Structure formats: structure tokens, C-alpha cells
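Each chain is listed here by its residues.
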Amino acid sequence: MSTALVQGRVLTAQGFAEGVAVVIDGGDIVSILPEADLPADLPRHDLRGAWLVPGFIDAQVNGGGGVLFNNTPTVEAIRRIGEAHRRFGTTGFLPTLISDDLEVMREAVAATRQAIAEGVPGVLGIHLEGPYLAPARKGTHDAGKFRVPDAAEIELASSLDNGVTLITLAPERLPTETIHALVARGAVVAAGHTAGSYEEIRAGLAAGIRGFTHLYNAMSPLQGREPGAVGAALEDPDSWVGIIADGHHVHPGSLRVALAAKPRGKVFLVTDAMPPVGSDDPSYELYGETITAVDGVVRNAAGSLAGSALDMAMAVRNAVNLLGLPLAEAARMASTYPAEFLGLSATHGRIATGFRANLVALDDRLQVAATWIDGQHAAHAG
């Protein structure tokens, strides 16, 4: 049955518009028209003046709701992670597996395939963050898991056939032919946890790397005589960069530099979220070590940042309050731009006719009041 969402401030391609209705039917947006033109008998959902924006898409979700994907690579874990993040506006996400053994990777890919087949809300694919990374920039990853994939592992890593596969790797650690093979098999490849030189990163971009995982963090920095991975990322006009806008991972000034350097639409928000998001328990176990979020910061015993306690709604608020962006642009960084990065721009990330009905209603405090995933509504306490 069709339903018209009315009395909202709707983010369109031209900016926020009032007096327009978004009509959804099944899982799709079927029309956007003036409220005055709605048929009298069409059911309506009153947004009560909320900001209506495209559903947030998070390309880097390690966990949530007390669950870490590495520890429980199952359909039920993916479902719980999705439920935890939905209340913060995430209507599409990639469960993210950080560097692990081959069998865990196999289980994670199989669980993601099954979750998508079963219609678990919000699952768009999988993010394999490693294990093809640089020990010198390992962050909280276990360098003992790092390896160079053989042909069989390349096939496994890119074997998800019903969703997006994002693979983060250090290009200097792999033969160029490996990057070519992953891209040829349909994977979206990003550089991250890399100690690569500017030249090595440029070679990776030429081989098909499409973006950069959590820009600035766990990568060779921009310096005067060595631009490093950061310099290559900021210089390149065609690649996307994900940023963790929690106020802890990167200084807001550095994030503003990235926004100034990159063409509009090439910087998007990610959370890098860990199990405390959407959970009352601030602690979780990673590689056998208990890690606790303290004042919103997640570090391991060695002092390395171990993911984040960030959610997408908070990331959007931070983009507005810390980076000084208009809400419309902050919302696009959480929806439109990650959809483009992941190759989903024909169906996700916009409020437009023919797109999936994945939506978020934000109140005036930019707290999530409601979400729709494929047209299915859920109310949330802001």
C-alpha cells in the first residue's frame, strides 16, 4: 500500500524543500510531489516538521549492540548489529571483518550472503578490512594474521555474489596483479593500514584502488618531501575518502583540509563502530583482549585506537558542529556519497523517484526520530 510522508523538510537534489510529499510503495519511492496534489484517499504519515534525509550508509561497521563481527560471524550477529545501528539512522551497512584467519573470513562471507538472501534489514555487503595490511600501520589489527592472498583466497575474498564487497588493503604489500584481480572480480578496493610511499599509493590507484579507509588514520602521513598515502589521497580527484568524525580519530582542522582538497562528493562519513554502539556494555573482547570505551574513546592496552564508539547520527551532528557544514551536506556525506563510492548510486543515497525507500527523519536536535528501510517504518526515541 502506498503511503505519503508529509509535513517534513525533505532533502532533494536542490536542497531542503517544504510542502512536498514523498510517496512510498513497497520498498521504493514512487513519486515526489506537492502535498496539495496528493489524492485525498492516500494514507499519510505526518513527519511533524522533521528533516527527512536519505538513510545513512555506513561502509565500516565492526560491531554494535554488544556484538563484534569477528567474534561471531553469523547471520544473527549481523542482524543484531544492524538493529543497534538503525536507531542512529543507519539504513544500509557493511558488516566489517578486521584481519583474521581464512576460516573466519569464509564464515563471514557466507553469513553475509545468507543475511542478504534472508532480507536482514540494511545489509548491503561486506567489508574485509585486511588481512592484506602493513605491520608498520597495523593499528589494533593483529599483524600475525597478515598475509598475501593466493589465487584461492582472492576468489574467496571476492566471492560474495549478492552484495557489495569492499576490501581494504595496503597496496605496497601486494603484487599489482592481485589488486587487478580483485577489481576484475567486482570488489571495491580501498587503501588503508598502509605504510606506502606516495609513488606506491599512486601505483595502487592506477591498478584500480577506488578510495581510502579512515583517511589520516593508520597510513603514511603527508610531509613536505614525502606526500605519503595522505598526500596521494588528497591530491587524487577521482578517489573517495572515508573519515571518522568523532573528534578523537582526527583533528577537525585536518578534516576541513580534506574537505577543501577533495572535490565535493568525495568525502564520506564512516563510524568504524565497535560493540559498545547501541549497547549498555562499554567493553568487548578483540583478539582475546578486553577493551573498554572510556568517554567515547576506544583504545587497546597498547594505546592504539581500537575502532570507535561513534554512530552515524553523531557523525552527522559532528560534521555540522565541528566542521561547520550545512545539514544538507552532512547528510549527503552519510548517504549520497558512500552510495556513490560503493557503486549503489542508482538505487541508494537519494530521495528521488525510483530509489529505495531508505529514509531517516531527524528532529531539530538532529536526533533520529524514525527510519524506513525498504519502506518499512520504525519509530525511535530521539
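Here we summarise the structure given alongside this text. (Residues numbered from 1 in each chain as written. Predicted model: local features only at pLDDT ≥ 70, side-chain atom pairs only at ≥ 80, totals over all residues. Heavy atoms only, no water.)

## A few points about the overall build of the chain
If you tally the helices and strands in the chain, you get ten helices and 23 strands. By the compact-globule yardstick of 21 Å for 382 residues, the chain fits well, its C-alpha radius of gyration being 20 Å. Considered along the principal axes of its C-alpha atoms, the chain spans approximately 65 × 45 × 40 Å. Buried positions account for 58% of the 382 residues belonging to the chain. When the accessible area of the chain is evaluated, it comes to approximately 14,400 Å², of which 49% is carbon and sulfur surface. Between the mean site of the 28 positive side-chain charges and the mean site of the 42 negative ones, the chain shows a separation of 3 Å. (Helix = DSSP H or I, 4+ residues; strand = E, 2+ residues; numbered from the N terminus. Rg over C-alpha atoms; globule rule 2.2 N^0.38 Å. Buried < 20%, exposed > 50% of the residue type's maximum accessible area, 1.4 Å probe, protein only. Areas by Shrake-Rupley, 256 points an atom, 1.4 Å probe, with all protein chains shown as cover. Lys, Arg positive; Asp, Glu negative; His and termini not counted. Charge placed at Lys NZ, Arg CZ, Asp CG, Glu CD.)

## Let's talk about the environment of F341
Within the secondary structure layout, F341 lies in helix α10 (residues 336–341). Judged by relative accessible area, F341 falls into the buried class, the value being 2%. Separated by 315 residues in sequence, F341 and G26 place their C-alpha atoms 26 Å apart. Ignoring any residue separated from it by four or fewer positions in sequence, one finds F341 in contact with L166, V188, A190, R210, G211, W240 and F268. (Contact = heavy atoms within 4.5 Å.)

## Structural notes on the sheet that holds strand β19 (residues 289–294)
Remark on secondary structure: sheet strands pair via backbone hydrogen bonds, oriented parallel or antiparallel. Read from one edge to the other, the open sheet built from three strands follows the order β18-β19-β20, with strand pairing classed as antiparallel. The strands lining the two open edges of the sheet, one partner per strand, are β18 (283–286) and β20 (297–299). Pairwise comparison of adjacent strand axes, ignoring direction, gives a mean angle of 30° for this sheet. Pairing analysis gives four bridges linking β18 to β19, with the strands arranged antiparallel. Bridge pairing links E285 to T290 in β19. (Pairing = 2+ DSSP bridges. Axes fitted to C-alpha atoms, helices over the stretch in contact; angles between N-to-C directions.)

## Remarks on helix α4 (residues 176–184)
Among all positions of α4, only T178, I179 and L182 are buried. Taken down its axis, α4 places every buried residue within 100° of arc, on the same side. Of the residues in α4, the exposed ones pointing more than 90 degrees away from the buried face are E177 and A184. After α4 finishes, the residue G186 shows a positive phi value of roughly 100°. (Arc of directions from axis to C-beta.)

## Some points on the pairing of strand β2 (residues 9–12)
If a strand is regular, its side chains alternate between the two faces of the sheet. Of the two faces of β2, the one holding R9 and L11 and the one holding V10 and T12 are both buried throughout. Where β2 and strand β3 (residues 15–18) come together, four bridges link them in antiparallel fashion. Looking at β3, one finds that R9 is bridged to E18. Hairpin connection between β2 and β3: a loop of two residues separates the two successive antiparallel strands. Judged from the two bridges that link them, β2 and strand β7 (residues 51–54) form a sheet pairing that is parallel. Bridging from a neighbouring strand, R9 pairs with W51 of β7.

By themselves, these are just geometric observations and shouldn't be taken as functional.
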